[in-house]
Amino acid sequence: MIQGEGNRGRKESHGIEKRELVKCPYQDCDKGLVEAMFGSRAECHQCDGFGFVDKETGEALPEREIIRQLVIRLAHQRMEAKKKICELQRSNQYLQQRLMDWERGR
Ligand SMILES: [Zn+2]
């Protein structure tokens, strides 16, 4: 029998796990906000104003988890943006080269 792991033995993983998020299923929810009375807007209760819920549970994530998930997504977006910039620089170089060739050939 394995000792040490009792009922509270939920392992706290060190890496941040990316969880599937889906758009808040609440039909009146618009990016976490719902129309309240008198045209004002209030935070959606389904997703806690986040606009997304956990795909598995269909519930809002705790705030700490939301922040983690946003951090993961930001990091990912930053990577994508970097890739795009590289591509743009490459096509820019290519265009500059073509322009120079064209000017030389005139
Ligand atoms: Zn919502």
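The notes below deal with the structure included here. (Residues numbered from 1 in each chain as written. Predicted model: local features only at pLDDT ≥ 70, side-chain atom pairs only at ≥ 80, totals over all residues.)

## Some words on the nonpolar core
Okay, so step 1: C24, C29, C44, C47, F50, F52, V53 and A60 together form the largest nonpolar core, which totals eight residues.
Okay, so step 2: Excluding anything up to four places from it in sequence, V53 contacts L21, V22, C24, P25, Q46, C47, G58, E59 and A60. (Core = buried A, V, L, I, M, F, W, Y, C linked by C-beta atoms within 7 Å. Buried ≥ 20, exposed ≤ 12 C-beta atoms within 10 Å, placed from the backbone. Contact = placed C-beta atoms within 7 Å.)

## Concerning helix α1 (residues 63–105)
Okay, so step 1: Compared with an ideal rise of 1.5 Å per residue, which puts 43 residues at 63 Å, α1 spans 62 Å between its outermost C-alpha atoms and is within 8% of the ideal.
Okay, so step 2: Judged by how many residues are buried, α1 sits mostly at the surface: one of 43 residues are covered. (Helix = DSSP H or I, 4+ residues; strand = E, 2+ residues; numbered from the N terminus. Expected span 1.5 Å × (residues − 1).)

## Describing the environment of A60
Okay, so step 1: By the secondary structure assignment, A60 is in the loop between β4 (52–54) and α1.
Okay, so step 2: What makes A60 buried here is the crowd of 21 C-beta atoms within 10 Å.
Okay, so step 3: Considering only alpha carbons, one finds A60 and L21, 39 residues apart in sequence, at a separation of 9.5 Å.
Okay, so step 4: The residues touching A60, leaving out its near neighbours within four places in the chain, are Q46, C47, D48, F50 and V53.

Any functional reading would require information beyond the geometric quantities listed.
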